[in-house]
Amino acid sequence: MQVNQGGVQMKRMFAIFMVIAFSVIGLSVSAYAEKDIDLTWVGGGTGGISYHQGAALSGYLSKKASKYKISVQSSSGAIEMMRLLGKKEIELSVTVGSEVEDVWFGNKPFKRAYPNVRSLGVAFLAPLNWVTTKDENIQKISDLKGKTMSPGPIGSSGANSINRMFTFLGIKDQVKLNYLPYAESARALKQGHIDLYNVFGVPPHAVISETFATVPNATLFDFGNELEESGFYKKFQGYVPVILKAGSYPGIDKPVKTYGTTYIFMCREDLPEKIAYEITRILYTDDFLVYAQKVIEGPFKLQEELKKTGNPTAGTGVPLHPGAERAFKEMGFKILSPSVADMQNR
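Conventions adopted
Residues numbered from 1 in each chain as written. Predicted model: local features only at pLDDT ≥ 70, side-chain atom pairs only at ≥ 80, totals over all residues. Heavy atoms only, no water. Axes fitted to C-alpha atoms, helices over the stretch in contact; angles between N-to-C directions. Helix = DSSP H or I, 4+ residues; strand = E, 2+ residues; numbered from the N terminus. Parallel < 35°, antiparallel > 145°, perpendicular 65-115°, else oblique. Left-handed = near helix turned anticlockwise from the far one by under 90°. Contact = heavy atoms within 4.5 Å. Nonpolar A, V, L, I, M, F, W, Y, C, P; charged D, E, K, R; others polar. Salt bridge = Lys/Arg side-chain N within 4 Å of Asp/Glu carboxyl O. Buried < 20%, exposed > 50% of the residue type's maximum accessible area, 1.4 Å probe, protein only. Expected span 1.5 Å × (residues − 1). Phe/Tyr/Trp six-rings, centres within 6.5 Å; stacked < 30°, edge-to-face > 60°. Lys NZ or Arg CZ within 6 Å of the ring centre and 35° of its normal. 1 Å grid on protein atoms, 1.4 Å probe; cavity = no way out; pocket = protein on both sides within 12 Å on 5 of 7 lines; lining within 4 Å. Points joined across faces, edges and corners; volume = space filled by probe spheres on them.

A. Molecular detail of the packing of helix H10 (residues 273-283) against helix H13 (residues 322-330). Direction vectors running N to C along H10 and H13 enclose 45 degrees, while the axes themselves pass 7 Å from each other. Taken together, the axes of H10 and H13 are oblique relative to one another. Crossing geometry of H10 relative to H13 is assigned as right-handed. Touching Glu-273, Ala-276, Tyr-277, Thr-280 and Arg-281 of H10 are Pro-322, Gly-323, Ala-324, Arg-326, Ala-327, Phe-328 and Glu-330, all from H13. Its residues assigned to classes, the contact of H10 with H13 comprises six nonpolar, two polar and four charged.

As structure tokens, this is what we get:
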């Protein structure tokens, strides 16, 4: 049998050419995959925790020359943040445990459900600080009647919590509410335009520290046992009692009883699993947490403690993103977040 040597040679050359071509294509795809990945993080006001969390992540990734480029934007607060996430206009944000089920199921103040949001883990438990002056002599909840208060900007988690609480306690119409951004709230208290303001934040919070530095008679309102006795925590299970330590701010010489909720890292359901996995791993690395505490110490110090002594998958309120779930399993955490089926069966 005669073999066509030229034909065999041509086939060999073609095969070699195809191997090289596919190798080049593979390299091109790989190179494309390694290009910068632009993500948008939306937080609340520029003085709030969620904005600083995004700024810390963005700064850290920039310092590490990471492929991830995080654009950090401010917003009117938790409602807008979750709407943007649910409508797929952004990739990353933060919400609080008291709001997250409302996002998923479309309860008020949301006009529609967003079951496409997912969690990247719990960051920390945040207390709500009620800042006032000793001159106002606010010793109990009934003393709030007739006062002028800034609960934070409309749509913020702080403002939402105040509206829930005051409605539940039956005093909403007896307290005048001015919805001011946090920094403006502090200035208004200093100038005597309001009697108290509140902000979610872990001591030392910058806005509150500024108040205690410039208002000589500044203090914190202590709820005592009134909220437990009112049934507030049974009605709204996204809130829990919190005790602020003595010395949290100048002149606070004994523990202060207030309440708080979890801060939860959030993303979209359709965020690629690899990205969700890598962002989650970064958020909980020791190296990032050390860096982040230089940006805003309190929240990330608590996140570091949670990582060491708690479980960041407990209290997410909604399912973890599959990428985040894989990351936490690798970190050795038992997955305690609800599944999609759990949410659908509620």
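B. Fine view of the pattern of salt bridges. Applying the stated rule across the entire model yields 16 salt bridges. In this structure, Arg-268 and Glu-91 form a salt bridge, with 3.7 Å as the shortest nitrogen-oxygen distance. Taken together, the residues span a long stretch of sequence, with Arg-268 in strand E10 (residues 256-268) and Glu-91 in the loop between helix H3 (78-86) and strand E3 (92-96) at a distance of 177 residues. When its relative accessible area of 19% is taken as the criterion, Glu-91 is described as buried. Each of Lys-88, Glu-91, Arg-268 and Asp-270 takes part in a single network of salt bridges with overlapping partners.

C. Layout of helix H5 (residues 157-169). An ideal rise of 1.5 Å per residue puts 18 Å on 13 residues; H5 measures up with 18 Å between its terminal C-alpha atoms. Counting buried positions along H5 gives ten out of 13 residues, so the element sits mostly inside the fold. Turning to H5, its buried residues are Ser-157, Gly-158, Ala-159, Asn-160, Ser-161, Ile-162, Asn-163, Arg-164, Met-165 and Phe-166. Immediately downstream of H5, the backbone of Gly-170 shows phi near 75 degrees, a positive value.

D. Quick look at the packing of aromatic side chains. This model, assessed by the stated rule, comprises 22 aromatic pairs. A ring pair is formed by Phe-124 and Tyr-263, whose centres lie 4.9 Å apart and whose planes are at 15 degrees; its orientation type is stacked. With Phe-124 in strand E4 (residues 117-133) and Tyr-263 in strand E10, the pair connects residues that are 139 residues apart, well separated along the chain. Judged by relative accessible area, Phe-124 falls into the buried class, the value being 3%. Put simply, the rings of Trp-130, Phe-166, Phe-168, Phe-221, Phe-223, Phe-232, Tyr-233, Phe-236, Tyr-239 and Tyr-259 touch in pairs and so form one group of aromatic residues. Between the NZ or CZ atom of Arg-326 and the centre of the ring of Tyr-277, over which it lies, the distance is 3.7 Å.

E. View of empty space enclosed by the protein. Per the counting criterion, the structure on display carries one cavity of 30 Å³ or more. Approximately 170 Å³ is the volume attributed to the largest cavity. Lining the largest cavity we find 18 residues, and of these Gly-44, Ser-50, Ser-157, Tyr-182 and Tyr-263 sit closest to its centre. Of all the secondary structure elements, the ones that give two or more residues to the lining of the largest cavity are helix H2 (49-63), H3, E3 and strand E7 (196-200).

F. How the structure looks around the packing of helix H11 (residues 286-295) against helix H12 (residues 297-309). Remark: H11 packs on H12, axes separated minimally by 7 Å, with the N-to-C direction vectors making an angle of 155 degrees. In this view, H11 runs roughly antiparallel relative to H12, as classed from their interaxial angle. Here Asp-286, Phe-288, Leu-289, Ala-292, Gln-293 and Val-295 of H11 lie close against H12, whose contacting residues are Glu-297, Phe-300, Lys-301, Gln-303, Glu-304 and Lys-307. Residues of the contact of H11 with H12, tallied by class, amount to five nonpolar, two polar and five charged.

G. Summary view of the environment of Lys-254. As for its position among the elements, Lys-254 is in the loop between strand E9 (240-244) and E10. Between the C-alpha atom of Lys-254 and that of Leu-244, which follows or precedes it by ten residues, the distance is 8.7 Å.

H. Seen up close, unusual backbone geometry. Between Lys-108 and the following residue, Pro-109, the backbone shows a cis peptide bond with an omega angle of 10 degrees. Counting through the fold element by element, Pro-109 comes out in the loop between helix H4 (100-105) and E4. Each neighbour pair has its own omega, and for Pro-203 with Pro-204 the value is 0 degrees, a cis peptide bond. Turning to its location among the elements, Pro-204 is positioned in the loop between E7 and helix H7 (206-214). Even without glycine at this site, Lys-88 takes up a positive phi of about 65 degrees. For Lys-88, the position within the fold is in the loop between H3 and E3. Unlike most non-glycine residues, Asn-137 shows phi in positive territory, near 55 degrees. Along the polypeptide, Asn-137 turns up in the loop between E4 and strand E5 (148-150).

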